[in-house]
Every structure is written in C-alpha cells, then in structure tokens.
Amino acid sequence: MITADEFIAAAKARGHDFYTGVPCSFLTPLINGVLSSKALTYVGAASEGEAVAIAAGAWLAGRKTVVMCQNSGLGNAVNPLTSLNAPFRIPTLFVTTWRGQPGQPDEPQHEVMGRITQDLLALIEVPQAPFPAAAEALGPSLDQAAARMDETGLPYAFVMKKGDVRDEDLQAAPPSLPRPGRRADWPEAGPRPTRAAVLERFLALTDDRTAVVATTGKAGRELFTLADRPQHIYQVGSMGGASGMALGVALNTPALVVVLDGDGAALMKLGTFATIGAQAPGNLIHILLDNGVHDSTGGQATVSASVDFAAVALACGYQFAASCASLDGFEAAFRAASEAPRPALIHVRIAPGSMDKLGRPTVAPADVARRFKDFLAGLRPAATGAGSAS
C-alpha cells in the first residue's frame with residue numbers, strides 16, 4: 001500500500017500534472033489527493049470515454065495526462081482508446097481499477113469485467129502492469145510506462161486493486177455554480193444552408209490563431225477539402241469526442257478554440273455539455289452543425305429535430321448560446337459569440353447532404369495531431385506556459 005501523495009509526487013516528477021476521469025471507490029484516495037493539490041488539474045468527466053477525449057486534448061496542448069476510471073467503465077473508454085488515441089498516436093497514463101477481481105467478494109455487476117479486465121486491455125493493444133502499490137516500485141513502474149509511451153505514442157495502463165492506495169480525505173472546496181448565460185437567436189430565413197457553405201463562412205470569419213477541432217465524419221472531410229491548415233485537427237473516429245477534446249485543448253492554451261460538432265455526435269456525448277459548462281473555459285466556441293441525420297451512414301434521422309441545443313447549453317452553464325438557420329444568421333451568431341462571455345454555443349440548423357467532390361484528409365492522423373500540437377506550442381507564452389483561459 002502507498003499513499004496518494006507518494007504516487008502523485010512520483011508522477012509529477014515525470015511531468016504528469018493533468019488528471020481526468022470518473023470516480024471509483026478504489027480510486028477515492030487518489031482522486032481526493034489530486035483534487036487537494038493546487039499544483040494539479042483534475043477534470044471530472046461525465047463518462048470514461050469523455051475523459052479519454054479530454055486528456056487527448058490536454059496532451060495536444062502540452063500536458064502529460066492521467067485518466068482514471070473503474071473497470072466497469074473500461075468498455076466506455078474502448079472506442080476513443082482505439083479510434084482516437086491509436087490512430088492519432090496520443091499517449092496517456094490510464095489507471096483502471098479491478099473491481100470483481102476473482103476470489104475477492106464484490107457486487108454482481110463487476111463479475112464479468114473482473115474476469116476480463118486484463119484480457120480486454122490486451123485485446124485493444126494497451127500495454128499494462130499492476131498498479132505500483134509499494135513505494136520502491138513507483139519510480140521503476142512509472143519509468144517503464146513513460147518509456148513505453150515514448151516508444152509507441154500510445155496509452156499505458158495500470159490496474160489498481162482494492163487497498164493499493166491508503167485512504168485520503170478530500171480537502172478541496174466545493175465547486176461554484178456558473179452564472180446564468182444569455183441567449184440570442186436568429187430565426188430561420190429561407191432554405192437552410194449546406195454544411196460546406198457554413199464552413200466557408202466560418203473560414204472567412206476566423207483567423208490563423210484559432211484552434212479548430214472538427215468532429216468525425218463529413219464535417220472534418222469538408223473542412224479539409226475547403227482548407228487544410230495546421231490549426232485544424234480532424235477527428236476520424238471517437239464519435240462524440242470532439243467537444244471533450246476541444247475542452248482539453250481550451251483549458252490549456254490561451255488561443256481561441258472552436259469545435260465543429262454534429263447533432264448525432266453531440267447527442268452521443270451530451271454529458272460533455274455539462275462538463276464544459278462546469279469547467280467554464282472562456283476561450284471555447286462550440287458550433288453544432290445540425291442537419292438532422294447521420295450523413296456519413298446513409299442519412300438516417302437523428303432525434304435532433306426535437307432538441308433545443310441552445311437551451312441545453314445554457315442549462316449546463318454555457319455563458320452564451322444562439323440558434324440560427326441561415327448563413328447571415330450564423331455570421332451574426334459567430335460575431336456575437338466572439339464578443340460574449342464564453343463558453344458559447346451556436347446551434348446551426350443546416351440542410352442534409354455534402355459536397356459533390358468530397359475528399360478525405362490525406363495527412364495521416366498522427367501527423368495531423370503533431371502539427372496541431374506544434375501550432376498550439378507556438379501560441380504558448382514563452383515565460384509562463386499555457387494556462388486556462390477560463
């Protein structure tokens with residue numbers, strides 16, 4: 001058994017200072033220790049997959065990250081671990097607990113995952129080791145993890161048993177509630193614009209110092225076709241993870257960060273709205289391109305027609321939200337969001353369909369990630385490093 005402070009200090013000595021995750025009783029002392037430290041950042045996520053995406057964004061912005069979760073939520077993290085971290089070669093230290101360990105009494109819902117935790121990590125090609133539960137094992141174990149992550153550019157997992165870390169009381173103050181946000185709408189006027197037309201208008205309105213995270217599917221493909229720039233990152237998987245990645249970026253850079261989201265993706269990870277509202281990054285604009293369908297898979301309808309995303313954003317703590325359904329309405333909403341308190345959301349209802357000659361990114365995901373990382377590093381103040389713009 002070790003103390004949380006021993007693990008935190010050893011990890012901090014190796015650069016790990018950004019933590020995110022979803023609690024587990026086994027993780028209580030470690031999470032409480034991180035929350036109690038003013039030298040560390042902890043972002044409580046709404047889901048394990050969201051935590052992986054947040055950590056990916058933080059890594060792109062120059063932080064060394066740790067994701068923590070219960071093994072019952074490991075399945076929730078499989079998608080981004082395999083379709084975000086793997087293709088983009090984004091490492092994170094991944095700490096999962098071992099509920100349902102064979103031979104140890106536990107709740108029935110942990111029985112299956114308890115048997116397969118290590119096998120599942122091996123199946124998705126995440127190297128692993130037992131959590132270092134002795135003080136003398138901390139340094140060598142963390143060094144081994146670092147060496148493997150440096151070699152592969154991929155996550156590395158520690159599997160934590162009950163009692164590996166001594167209990168720790170929580171010393172952090174309770175979070176404060178965000179103040180109510182403001183709404184402004186630009187009603188529908190004529191036919192809805194295409195996604196490409198909105199992206200063209202967006203490109204005309206933005207500058208070369210704005211970081212842009214594009215969701216998976218045709219949004220990223222159209223953005224790449226219209227203009228490929230080092231400040232763009234195009235998600236090719238991890239549906240729903242773009243907003244979490246953008247949050248991780250925004251909390252760690254002075255740059256304006258814009259996430260180009262879709263209705264299907266946003267609905268898949270709607271909990272990220274609440275995390276963004278609670279973290280309150282003052283440099284994040286969330287643009288939701290809503291065509292009402294899953295465009296990349298044949299045009300099947302989503303349920304977005306009955307969803308007021310602007311109202312959802314405000315209910316979750318966003319400081320500004322708008323809805324629109326025309327190019328001029330989008331421009332007005334974007335200009336308003338650029339001047340309003342943030343985070344801000346712009347819900348744009350658009351027409352289904354995509355460009356006739358739609359390309360795909362020709363730059364490999366790992367190369368896209370590293371040029372985006374270099375772009376963010378170039379914006380970082382030389383003396384103070386990156387910081388939250390909240």
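Refer to the preceding data block for the structure.
Residues numbered from 1 in each chain as written. Predicted model: local features only at pLDDT ≥ 70, side-chain atom pairs only at ≥ 80, totals over all residues. Heavy atoms only, no water.

S.K.: Would you mind showing me how to read the nonpolar core here?
M.R.: Burial of nonpolar side chains together is a common tendency in soluble globular proteins. Ile287, Phe330 and Ile346 are the most contacted members of the largest nonpolar core, which totals 91 residues. For this core, the element with the highest residue contribution is helix α3 (residues 48-60), accounting for nine residues. Those residues in contact with Phe330 that sit more than four places away from it in its chain are Val198, Arg201, Phe202, Leu205, Ile287, Cys324, Ile346 and Val348. In this structure, Cys24, Leu27, Val34 and Met149 belong to the second largest nonpolar core, which totals 29 residues. (Core = buried A, V, L, I, M, F, W, Y, C linked by side-chain atoms within 4.5 Å. Buried < 20%, exposed > 50% of the residue type's maximum accessible area, 1.4 Å probe, protein only. Helix = DSSP H or I, 4+ residues; strand = E, 2+ residues; numbered from the N terminus. Contact = heavy atoms within 4.5 Å.)

S.K.: Got a minute to help me understand the pattern of salt bridges in this structure?
M.R.: Any two side chains of opposite charge can pair if their charged atoms end up close together. For the coordinates displayed, the defined rule picks out 14 salt bridges. Here Glu331 makes a salt bridge to Arg335, at a shortest N to O gap of 3.0 Å. Of the two residues, Glu331 and Arg335 both sit in helix α13 (residues 327-339), four residues apart, roughly one turn of that helix. Look at the salt bridges and you will find they share partners, linking Arg201, Asp328, Glu331 and Arg335 into a network. (Salt bridge = Lys/Arg side-chain N within 4 Å of Asp/Glu carboxyl O.)

S.K.: I'm lost on the sheet that holds strand β6 (residues 156-160) in this one. Help?
M.R.: Strand pairing within a sheet occurs via backbone hydrogen bonds; the two strands may be parallel or antiparallel. Taken together, the six strands give an open sheet; going across it, the order is β2-β1-β3-β4-β6-β5, and neighbouring strands pair in parallel fashion. The open sheet terminates on both sides in strands that have one partner only, identified here as β2 (41-44) and β5 (128-130). Geometrically, the sheet is characterised by an average inter-axis angle of 20° between neighbouring strands, direction not taken into account. Note: β5 against β6, three bridges, orientation parallel. Paired with Pro130 across the two strands is Val159, which belongs to β6. Strands in contact with α3 are β1 (16-21), β2, β3 (64-69) and β4 (93-97); relative to β3, the strand with the most contacts, it is inclined by about 175°. (Pairing = 2+ DSSP bridges. Axes fitted to C-alpha atoms, helices over the stretch in contact; angles between N-to-C directions.)

S.K.: Would you mind going over helix α6 (residues 135-152) with me for this structure?
M.R.: Residues spaced three or four apart along an α-helix face the same direction, because each turn holds 3.6 residues. The end-to-end C-alpha distance of α6 is 27 Å, a good match for the 26 Å that 18 residues give at a rise of 1.5 Å each. Along α6, the positions that sit buried rather than exposed are Leu138, Gly139, Ser141, Leu142, Ala145, Ala146 and Met149. Check the buried side of α6 and you find it contacts α1 (4-13), β1, β4 and β6. Immediately downstream of α6, the backbone of Gly153 shows phi near 70°, a positive value. (Expected span 1.5 Å × (residues − 1).)

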